[in-house]
Every structure is written in C-alpha cells, then in structure tokens.
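Read off the chains here:
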Amino acid sequence: MRPPVSVPALSRRAKVVIGSIAVLLVLFTAIGTLTNVYVDYLWFDETGYTEVFWTELQTRALLFAVAGVATGGLTALAIYLAYRFRPAFRPMSLEQQNLERYRQSLEPRRTLVLSAVAGVVGLFAGFTAQGSWQTWLTFRNSVPFGDTDPQFGVDLSFFVFEYPFYRLLLSFGFAIVLLSLIGSLLTHYVFGGLRLQTPGQKLTGAAMVQLSVLLGLFVALKALAYWFDRYELVYSDRGELFSGASYTDVNALLPAKTILVFAAAFCAVAFFANVVVRNFRLPAAALVLLLLSSLVIGVAYPAIVQQFVVRPSANEREADYIERAIASTRDAYGLTEVEYTDFAEEATGDDVDTDAALAQLRADDATIPNARLLDPNVLAGTFTARQQIRNVYGFPEKLDIDRYTINGETRDYVVAVRELDSDSLSENQDTWINRHTVYTHGNGFVAAPANQVVTGAEGGEPNFTSRDLPTTGDIDVEQSRIYYGELIGNDNYSVVGAPEGGDAREFDRPEDGSDGEVNNTYDGEGGVAIGSFFRQLTFAIYYRERNFLLSGAVNDASKVLYVRDPRERVEKAAPFLEVDGDPYPAVIGGRVTWILDGYTTSDAYPYSERMELGEAAADALTGQGTSALPNEQFNYIRNSVKATVDAYTGEVVLYEWDENDPVLQAYQAAFPGTVQPKGDMSQELIDHVRYPEDLFKLQRDILTRYHVSNPSDFYSQNDRWAVPSDPTQDTQTEEAQPPYYILAARPNEEDATFQLTSALNAFRRQNLSAFISASSDPETYGQIQVLRLPGNTPFRGPQQVQQSFNTDDEVAQDLTLFNSRDSRAVFGNLLTLPIGGNGLLYVQPLYVQGTGENSFPLLRKVLVNYGGRVGYADTLSEALDLVFGAGAGATATDSDDAGTTPDTEEPTPPTTEPTPPTEPTPPPADDGSGSAPALDQAVQDLDAALQRLEDAQRNGDFAAQGQALEDLQRAAEAYEAAKGGAAAPAEPTG
C-alpha cells in the first residue's frame, strides 16, 4: 500500500501574505461593486425610476438565491448522501489501495470540499438564473392575449409568458440531476461504493438505490420534456419557407412526442422500482426501449413522412400550415391592417401617359411643392460649417427630419441641436476643469425647410429659419441649452452648479458683438447632488478621479450629470424595452425635447418567423449617426412606448403608445407607475411623433414575403419582393436603402401627410414591385399603405434610376467636372414620389463638396426621372420642365421657385472676410473659325475658379468657398455653351 500523499505545510508568514492578498482582493471587489450599485441607485433616484431599480435588483437577487441554493444545495446533498452511505469495509484490491490515499487526503477536509463544491456550483447557477429576470417577471405578471392557438387551443400568453419559464425550470432540473449524478458517482467511486476494477459486486446496495433514484428523476424530467416538446412544435422550422408546425410536425412528430411521454414515464418507473428490485436489467431494458422509440418514432418516422408524403406535393400538404404562418407573422409584426392599393392598369413602366401625368402634376399641391431637396444624411458638414459657432459645439453625423406648422403651413424641416462635442476641444482646452466643469453643454436649435435652398452669394446652402446664438427664427425656443444629447456620451460627465452668489463658470455662448463669452450656472432639476464628502468620495472612486475631492470646482451646490445620451437614458429607465436607433429633437412647449421609440419584443410568439433584430433593422446608414439594435432573436414586436428626454433637465418620461400590447401590460404590472397613460401626452407632442424607422425596416422586410395571402403562391415564392440596395453608396457590399421621411400625398388622398416610405424591388431583380408608406400624422398614425405595381411592367427601381442619372450625357459630363482634385460630387437621397395613379417620380439632389478639411456640401443640381425621362437642372422646377415640358415645373411647385428661396434674410456672418465675387471673363467674339476662343476662355475660367476654391478651402473661408463653387458652376455652363457654339448662359438662380 502506498503512503498517502502529504500536502506541504505553509509557513506562518506565507499564510499571512496570502490571506492579506485575498482579503484585499475581496475588499476592492466589494467596494467597486457596491460603488457601482450605489451610483446606479442615485441615477434612478434622480430620474424617479427607483421602482425599476429595486424591482430588477430584487428579482435578480431572488433568482440568484433560489437557483444557487437549489442547485448547490441539492448537489451537495447528493454528494453527502453518497459519502454518508459509503461502505464501512472495502475489499482489498489494487484499485482500492490506489484510492486510499485520496480518501485519507479528503477525509480531514470533507466539509471544506463539500462547501466549496456547493458554493462554486451555486454561484454558476445563480449567475445563470439571474439573467432570466424578465422571464420570471412576465410569467408572474402574464396577461391574456385574447387569441387562441389553432393547434393546442390555448391562449397565446401561454407561449409568450409561461412556456419560456417552464423551459427554464426544466433546464435547471436537468442541471441539478446531472450534477448530483456526477457528484454521487465520483463520491461512490472514491469511497468504495462503486468498484470498477475490483472482482465481485460492482455496486453497494446504497449506491444502487441512490443512482437508481437519480436516473429515475432524470428520465422523469425527460418525460416532462417530451410533453413540452409538443408545444415546441409551434416554433418548428421544418417547413423551411415558413415558421411553425408543419404537416409532418402535426401528423407525425406530435403523436410521436405523445408516445415518448409514456415511454419515458415507464422507463422512470422502472428505475424507481430498482430501489426495491435492485437489479439494473429492468431499467436498462426500459432505457433501451426508450432510446429505440425515440429513434424510430421520433426521428425515422417523421423523416419518412416528410420525404415520401409531404415533398411530392408540399404546396398542397402544407397549405393549411402556411396560412397559419402568414396570419401569425403578420399579427406578430403589426401588419394585419395593411392597405394594399394597385397601381393604375394603364401604367406601363417607361411607356407612361405623359399628358395624363402632366395634368396630375399641375393639379398636385401636396407632393411636388414639398419634394425634399435637403438630405439629412449629407448635410451635417454644412450645418457644422455654417452653424457651429465655436469649436466646442457640434452636430451629429446624421441630422433629423421633423415637421412644424408655421403661419398655418405645415412643412418638413431638417433639424438638429447644437450639442457639446468634447472631442473637438483643442489641446489647451482639454483639461479636467474645462472638459467637466466649463464646457458642460451645447446651445441652440437649428432648422431649415427641407425643400428650400438659398440663392445668391450663399447659393446651395440650407435656408436656416432657426439658427445662431441665441436661437432666433420662426420656431420659438425658450430653453435652448442642451445638457443631454447624442454627442455628449456617458463618459463625458459634467460637474455643474455653484453656491448662491458664486461666479458662473459654465461656457454658455459667445457674447454678442465681441470676442467675449457669456457664462451660465445650471439651475435645472437634473443631476445627482454631490455636496457631501461621502458623495464626492463615491464619485471619485467610480470615475477614478481625485479632483472630486481636491478641485475647488466641486462645492456644496455641485451636481454630477451622467448617462446623458437620450437613448441610453431610456434604455436604463426601461430595461424591458428595445429603443429605436434614431432619437430626434423637437421643440415642445419652447423646450428642446428628445423623442424616442421603445419596442417590446418576444421570441416566443407561435408560428411567427424569427429574425435577428440588429441584422433585420440594419441599412446603409446604420452606425453612421444611427445606433444598431442588439442582434437578438425575436419574432414579435410592438412600438408600445413613446419616450421623451428633456435636453435641459434630462427628465425621462415613458408614455404608453400601444394600449393593446399584452407584453407591455405585463411589464406595467411588474413596474407599476413606470409608464404613463397615453392620455398624458400633450397634443403638441403627439403632433411631432414619427413612425419609427427601425420598426418600419423590420416590417418592410416581412412584407417582402408575407404580402402574399395564397399558400400556393407563398410556397412558390414567385411574387417575392426585396429591399433595394442603396444606390447612393459607393461600396462593394449591397447595403439596404434606408427608408425616407417625406411630406406628400398618398395615392387616392389629396392632403399631404408626413410619412415614412420605401421602394421595394422584385426578388433578385432591379425592377420596382411596390412602394410602401407608413403615416406619422396623428389622425392616421400607423396606417401602412402598399402601392403594388403591375407584375408584368418593368418599372425602374432605385438602382436603375440612379444608373439612368449617371449615364445621362449632361450628368456624366458634370460628374467628371465635379469629381476633380479639389471637389467631389455627392448624391443625396433618391426619393420615390407617386404621382396620381399612373407614374412614379424620382427626385434626387446633387451636391458638390470640396476636398479640403473644412469643406462642406452645397446643393448644385436636381435630378428627376419619370417614365425613363431624365430631367437635370439647377432647380426642381427647371428639371420638371425638361421632363414634362415648359411651364410644368412652375405650375407644380410653390412660390419659392422650385426649391430655392430668395436670399432675403441676412446670412450668418462668416468668420473671415468674404472674398468678393469674381465673374467669369466674357468669352471673346467668335472669329469665324468656330467656338475655339470661347472654349479656351471657358477652360481658363474653370482653372481660375478651381484655384480660388482650393485657396478658400486651405484658408477655411466658408463664404469664399461658396462663391468659388458658384463661379465654378458659371464657368462650367460657359464651357458647355461654348462647346455648342452658343453664348455663355446667364447666372442661375438656384
């Protein structure tokens, strides 16, 4: 017999050192964790959402404790029982002699080892369980859907709220039994109850009883799992083209699962009977029978039915189940009341009736006058160049579209707020004092009508009707300071506030008429007070910043503003919501307010197609000013909540928008008082809500397949649509075209509505198949209309229209000119506008931007396509004339001269002295040998204009850049006219 292994003893000093290190690690971990929790609590207390904090914390703690105690405790109990009933005497064999040294090492420490095993197992189980806190809350607060499952006859709430929790319990049951079985086997083996290599009896009676009970429990749980597997069929993907139970699932697999329930129950009884019989032959035979049954009737039989019964006539066999999938998927994605409108039969793609279209164009006073020429995805640089004011301010990469009613007229505007951009601080500004106590907020609301640009010296720029500091214009803003915004970020906290009578230290805006500045002291209700030493110490630990304790900027009246991104504030206040990736600012009651959309989702809605949330909502602009949704699986979604965040105080308010959503109702029961009734929303706020982009993108993706109602047509996929790729992106990967907000009249409607729109192509083709729009107007909010084009008509899709623009002789010539060393052409959003009932009008702005560091895009041209005819001109009015004939544009557009507005308002003063306009040199008279002298002069003018543009960009002279671009345009027109032998054209007005 070998001597037992001895554990080397540690010296007293080594024990002290190891103990001290362990205590310090635990102490630092505890302090860090408690600090994080406390700072979180302070934020929830400031925002008034402590109910969310405590409910989530208590639920997580409850699940952690229950799962941890149950898993660790029962596993430890099984191990203890295996040890308790170990044999007193063991036969002497080589196997037992080798195990003896382990027994002697474990015996003195068995309590410690058992406790460690229970603790480790319990911790893992607890951490796993606490992550399912929403599953428990929705189970506990479930409400009926009011709709019944067609297969099992139970309310859909069973699948959405209850079934996931039962599955969670079942998974923990299996884990506990398996861990107990493994622990018992190891214990019995080490202490002689299980003898693998010793002659004679392999198991003691006690070991046989315990293992039989554990195996019986495992098989009993398997019987229960088979029973729940029956309900799992509503999520089956056996149908390939559709989700939910298929013919094979219902007629082959469902009966098989029911049979396996009884087979597993019989097998469990056999194992329990072995407690008395104590012979593994009967349970072994039952287990073999169960395995064979599961293979034959659970695998082989359904496969045979699928191969030889379903596939030869799948369109007929699966018809009833496809109908279920279509109905459930439409309901899960809120598409049960879509209005389908067929395009006029006389519409024939490129061969359209121009005369009829011209008549409708002239009668239109809702769509064409509101045709948007400003692209919010392009103009961030222009807003920055003309309205940044100081380097500490900035605008987001993607601007927003909203509508305002001014003097009784509703227009859509490109809007943005002048936010604090800490990343723009210069090197000498970037100190802790400046970053966190001086530059604390942005200031100002900027808006420009989406269908206008200014003419004259500032030609091609947005017509800023709300601008400058302090904010002036036609949208009244009483509180324009922006302490909460998209550019600030959570790591850029601010310490604000000063004692009564103390000096204001926060930079607010430049002082009028001087180089000085106006400072401000924050007096809003937002922020967490840190007047006490304990609070200052807490935030010093949290941010690892000693200035909270040492700086004189931190005083008794100080507050800390943190979690300042509107989207992250809403996500924190309502962790049960997915928040749309594009918050937008609106002026409500004179205050700048961020408006956000919150979604409730589920991945357990029966028969509905599952998708990846982030992947399905992605488009060409995702990550470029809009946030991506998490890539989680889901098959049910509702825009259940509208949320607001006050840009000054940070106040978060959640409003119940979908009053019939059972998922939201369950969370309202779990978090009472968190979501306010829809009736509490002011009419002004309701007037500014938009149909959310991410939801619309998900719905249009579903409609590409589920617009078909006939099961045979759905199965054949011969009428499938596809989301077109963005034609304006110069990338190799085909990214989805974003949807666009427009103010236009929908088919069969006279008045303009603010709507979110998208074109849809035929599947794997570039031809247009449909046009989808969702209304944002309060009276018709959420109404989705699909305009279906004739399937036998080759209407041009976005990519084909863009190609027609690019290959037009005049456009191609200008693109060559614009895409030079010093400038580049930038295509704006390609808008699809239905005109009457027999044609689609495409409108696209074309911008020119210099390549210098401080350059910005200016609108130079407008492109129009109708029925294959291309119009390309300086203004929308002129482009329409080229397509429909002289006078069409003037009749169809408003009084602002086809998207331009006279430069009647004084433009924002440039930061440098503007360069005087330079007229191109008049071309010499023709000498009879053609237009060569005029061409030479035009080329010289082009070179001179390009040089002036380069100099202006190098000097950062925005006004000079605008003038140089205007000179460049005139020179280009003179060049084109000279090539045709004509005189140089007059100065354009747009």
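Residues numbered from 1 in each chain as written. Predicted model: local features only at pLDDT ≥ 70, side-chain atom pairs only at ≥ 80, totals over all residues. Heavy atoms only, no water.

Let's talk about the overall build of the protein
Turning to step 1, where the next piece is worked out: Within the protein one finds 28 helices and 34 strands.
Turning to step 2, where the next piece is worked out: Here the protein holds 990 residues, and 55% of them are scored as buried.
Turning to step 3, where the next piece is worked out: For the protein, the share of sequence-separated contacts (at least 6 apart) that also reach a separation of at least 24 residues comes to 69%. (Helix = DSSP H or I, 4+ residues; strand = E, 2+ residues; numbered from the N terminus. Buried < 20%, exposed > 50% of the residue type's maximum accessible area, 1.4 Å probe, protein only. Contact = heavy atoms within 4.5 Å.)

A closer look at the sheet that holds strand S16 (residues 559-561)
Turning to step 1, where the next piece is worked out: Reading across the sheet, the three strands line up as S12-S16-S15 and stay open at both edges, with antiparallel pairing between neighbours. At either end of the open sheet lies a strand with only one pairing partner, and these are strand S12 (494-496) and strand S15 (528-529).
Turning to step 2, where the next piece is worked out: For S15 and S16, the ladder comprises two bridges, and the chain directions are antiparallel. Bridge pairing in S16 links alanine 529 to lysine 559. (Pairing = 2+ DSSP bridges.)

Here's the deal with unusual backbone geometry
Turning to step 1, where the next piece is worked out: Following leucine 469, the chain continues into proline 470 via a peptide bond in cis, with omega recorded as -10 degrees.
Turning to step 2, where the next piece is worked out: Residue glutamate 240 is not a glycine yet carries a positive backbone phi of 65 degrees.
Turning to step 3, where the next piece is worked out: One can find glutamate 240 in the loop between helix H7 (205-232) and helix H8 (247-277).
Turning to step 4, where the next piece is worked out: The exposure class assigned to glutamate 240 is exposed, which follows from its relative accessible area of 63%.

Overview of the pattern of salt bridges
Charged atoms that come close allow side chains of opposite charge to pair.
Turning to step 1, where the next piece is worked out: Within this structure, the stated rule accounts for 27 salt bridges.
Turning to step 2, where the next piece is worked out: Residue arginine 788 pairs with aspartate 342 through a salt bridge whose shortest N-O separation is 3.0 Å. With arginine 788 in strand S28 (residues 784-788) and aspartate 342 in strand S1 (residues 339-342), the pair connects residues that are 446 residues apart, well separated along the chain.
Turning to step 3, where the next piece is worked out: Overall, the relative accessible area of 53% leaves aspartate 342 in the exposed class.
Turning to step 4, where the next piece is worked out: Because the salt bridges share partners, they merge into one network encompassing Lys398, Asp582, Arg690 and Glu693. (Salt bridge = Lys/Arg side-chain N within 4 Å of Asp/Glu carboxyl O.)

Points about helix H21 (residues 693-706)
Turning to step 1, where the next piece is worked out: In this model H21 runs 19 Å from its N-terminal to its C-terminal C-alpha over 14 residues, within 8% of the 20 Å that 1.5 Å per residue would give.
Turning to step 2, where the next piece is worked out: Among the 14 residues in H21, 13 count as buried, and that is most of the element. (Expected span 1.5 Å × (residues − 1).)

A closer look at the packing of aromatic side chains
Turning to step 1, where the next piece is worked out: Tallied over the full model, the rule gives 55 aromatic pairs.
Turning to step 2, where the next piece is worked out: Positioned above the aromatic ring of tryptophan 43 is the side chain of lysine 572, whose terminal nitrogen or guanidinium carbon lies 5.8 Å from the ring centre. (Phe/Tyr/Trp six-rings, centres within 6.5 Å; stacked < 30°, edge-to-face > 60°. Lys NZ or Arg CZ within 6 Å of the ring centre and 35° of its normal.)

Some thoughts on the nonpolar core
In globular proteins that are soluble, nonpolar side chains generally tend to be buried together.
Turning to step 1, where the next piece is worked out: Ranked by internal contacts, the top residues of the largest apolar core, which has 185 residues, are Phe383, Phe445, Phe539, Phe548, Tyr562 and Leu841.
Turning to step 2, where the next piece is worked out: If you tally residues by element for this core, the top one is helix H6 (residues 157-190), at eleven residues.
Turning to step 3, where the next piece is worked out: Residues contacting tyrosine 562, with those up to four places away along its chain left out, are Val39, Leu42, Trp43, Tyr493, Val528, Phe539, Tyr543 and Arg569.
Turning to step 4, where the next piece is worked out: In this structure, Leu787, Val801, Val848 and Leu863 belong to the second largest nonpolar core, which totals 28 residues. (Core = buried A, V, L, I, M, F, W, Y, C linked by side-chain atoms within 4.5 Å.)

Brief notes about the environment of leucine 379
Turning to step 1, where the next piece is worked out: Locating leucine 379 in the fold gives a position in the loop between helix H12 (354-363) and helix H13 (380-387).
Turning to step 2, where the next piece is worked out: Expressed as a C-alpha distance, the spacing of leucine 379 and proline 462, which sit 83 residues apart in the sequence, is 8.7 Å.
Turning to step 3, where the next piece is worked out: Ignoring any residue separated from it by four or fewer positions in sequence, one finds leucine 379 in contact with Leu374, Leu399, Pro462, Tyr847 and Pro857.

Description of the environment of leucine 289
Turning to step 1, where the next piece is worked out: For leucine 289, the position within the fold is in helix H9 (residues 281-310).
Turning to step 2, where the next piece is worked out: The class of leucine 289 is partly exposed, set by a relative accessible area of 44%.
Turning to step 3, where the next piece is worked out: As for leucine 289 and cysteine 267, which are separated by 22 residues in sequence, their C-alpha atoms are 8.3 Å apart.

Brief notes about the confidence of the model for the protein
Turning to step 1, where the next piece is worked out: Here the protein shows a mean pLDDT of 86. Residues at 70 or above account for 86%.
Turning to step 2, where the next piece is worked out: Counting contacts from residues 982-990, a segment whose pLDDT is below 50, to residues more than four positions away or on other chains yields 23 contacts. (pLDDT = per-residue confidence, 0-100.)

Let's talk about the pairing of strand S19 (residues 591-602)
Turning to step 1, where the next piece is worked out: Of all twelve residues that make up S19, ten are buried, and the element is covered over most of its length.
Turning to step 2, where the next piece is worked out: Both strand S17 (residues 578-579) and S19 contribute to a ladder of two bridges, which runs antiparallel. Counterpart to glutamate 578 in the pairing with S19 is tyrosine 599.
Turning to step 3, where the next piece is worked out: Note: strand S18 (residues 584-588) against S19, five bridges, orientation antiparallel.

A closer look at helix H25 (residues 876-884)
Turning to step 1, where the next piece is worked out: Those residues of H25 lying buried are Leu876, Ser877, Ala879, Leu880, Val883 and Phe884. Each buried residue of H25 sits inside an arc of 160 degrees when the element is viewed along its axis, so together they form one side.
Turning to step 2, where the next piece is worked out: Taken from the residues just after H25, glycine 885 is the one with a positive phi, measuring 110 degrees. (Arc of directions from axis to C-beta.)

Considering a nonpolar patch on the surface
Turning to step 1, where the next piece is worked out: Taken together, Leu24, Leu27, Phe28, Ile31, Phe533, Leu537, Ile541, Leu549 and Leu550 make up a surface patch of nonpolar side chains, about 840 Å² in accessible area.
Turning to step 2, where the next piece is worked out: When residues of the nonpolar patch are traced back to their parent elements, those giving at least two are helix H1 (12-47), helix H15 (533-543) and helix H16 (547-550).
Turning to step 3, where the next piece is worked out: With four residues, the single largest contributor to the nonpolar patch is H1.
Turning to step 4, where the next piece is worked out: Checked against the element boundaries, isoleucine 541 lands in helix H15.
Turning to step 5, where the next piece is worked out: According to the relative accessible area criterion, isoleucine 541 is partly exposed, its value standing at 36%. (Patch = residues over 30% accessible without salt bridge, like charges linked within 9 Å, V, L, I, M, F, W, Y side chains within 5 Å. Areas by Shrake-Rupley, 256 points an atom, 1.4 Å probe, with all protein chains shown as cover.)

Focus on the packing of helix H2 (residues 50-84) against helix H5 (residues 133-140)
Turning to step 1, where the next piece is worked out: Running from N to C, H2 and H5 point in directions that differ by 100 degrees, and their axes come no closer than 9 Å. In terms of their interaxial angle, H2 and H5 are classed as roughly perpendicular. Across the interface between the two elements, Thr55, Glu56, Thr59, Arg60, Leu62 and Leu63 from H2 touch Trp133, Trp136 and Leu137 from H5.
Turning to step 2, where the next piece is worked out: When its residues are assigned to classes, the contact of H2 with H5 shows five nonpolar, two polar and two charged. (Axes fitted to C-alpha atoms, helices over the stretch in contact; angles between N-to-C directions. Parallel < 35°, antiparallel > 145°, perpendicular 65-115°, else oblique. Nonpolar A, V, L, I, M, F, W, Y, C, P; charged D, E, K, R; others polar.)

Points about the environment of threonine 148
Turning to step 1, where the next piece is worked out: Along the chain, the position of threonine 148 falls in the loop between H5 and H6.
Turning to step 2, where the next piece is worked out: Residues threonine 148 and phenylalanine 158 lie ten residues apart in sequence; the distance between their C-alpha atoms is 9.7 Å.
Turning to step 3, where the next piece is worked out: Once you skip the residues sitting within four places of it in the chain, threonine 148 turns out to touch Gly153, Val154, Asp155 and Leu156.

Looking at the side chain of glutamate 693
Turning to step 1, where the next piece is worked out: Note on placement: glutamate 693 falls in helix H21.
Turning to step 2, where the next piece is worked out: A relative accessible area of 8% means that glutamate 693 is categorised as buried.
Turning to step 3, where the next piece is worked out: In this structure glutamate 693 touches Lys398, Asp580, Asp582, Pro739, Tyr741 and Leu756, once residues within four positions along its chain are discounted.

Points about the pairing of strand S26 (residues 752-762)
Turning to step 1, where the next piece is worked out: Across the eleven residues of S26, ten count as buried, placing the element largely inside the fold.
Turning to step 2, where the next piece is worked out: Bridge analysis of strand S24 (residues 721-722) against S26 gives two bridges, and the strand direction is antiparallel. Counterpart to alanine 722 in the pairing with S26 is asparagine 761.
Turning to step 3, where the next piece is worked out: Across six bridges, strand S25 (residues 740-745) lies against S26 in antiparallel orientation.

Considering the side chain of arginine 386
Turning to step 1, where the next piece is worked out: Looking at the secondary structure, you find arginine 386 in helix H13.
Turning to step 2, where the next piece is worked out: Taking relative accessible area as the criterion, arginine 386 reaches 6% and is therefore assigned buried.

Structural notes on the packing of H5 against H6
Angle between the axes and distance between the axes: these two values describe a pair of packed helices.
Turning to step 1, where the next piece is worked out: At a minimum axis distance of 8 Å, the contact between H5 and H6 shows a crossing angle of 130 degrees. The orientation of H5 relative to H6 falls into the category oblique. Read as a crossing pair, H5 and H6 show a hand that is left-handed. Here H5 contributes Thr135, Trp136, Thr138 and Phe139 to the contact with H6, which in turn contributes Phe161, Glu162, Pro164, Phe165 and Tyr166. (Left-handed = near helix turned anticlockwise from the far one by under 90°.)

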